[in-house]
Amino acid sequence: MSIIKKFLRYKNKDKIKTLFLIDILYMKDINAVYNFDNGDYIIKQLEELLKHTIKNKIKSIEPLANSTIIN
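**Digging into unusual backbone geometry**
Part 1 of the argument: Phi at Y26 is positive, roughly 70°, even though this residue is not glycine.
Part 2 of the argument: On the secondary structure map, Y26 appears in the loop between α1 (3–11) and α2 (27–34).
Part 3 of the argument: Looking at Y26, the relative accessible area reads 61%, which means it is exposed.
Part 4 of the argument: Even without a glycine there, the phi angle at N35 is positive, about 75°.
Part 5 of the argument: Positionally, N35 belongs in the loop between α2 and α3 (36–66).
Part 6 of the argument: A residue is classified by how much of its surface remains accessible, and N35, at 39% relative accessible area, is partly exposed.

Rules used throughout
Residues numbered from 1 in each chain as written. Predicted model: local features only at pLDDT ≥ 70, side-chain atom pairs only at ≥ 80, totals over all residues. Heavy atoms only, no water. Helix = DSSP H or I, 4+ residues; strand = E, 2+ residues; numbered from the N terminus. Buried < 20%, exposed > 50% of the residue type's maximum accessible area, 1.4 Å probe, protein only.

By themselves, these observations are geometric and do not establish any function.
If you want it as structure tokens, here you go:
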């Protein structure tokens, strides 16, 4: 799914979404040396890593955000 389709999918939702744009330095060189299939594989692995890392971080923060401080 393209980035634009993903963005439009969340456009009308009430929840806050964040779009990460990452500039991978030397990606052109990686594709030139190892070909585009391997470059795509690297990007997909990065996507999965970020997805799981960010979801886990958000889950660990949610209990703190939902609790209230009583003086």
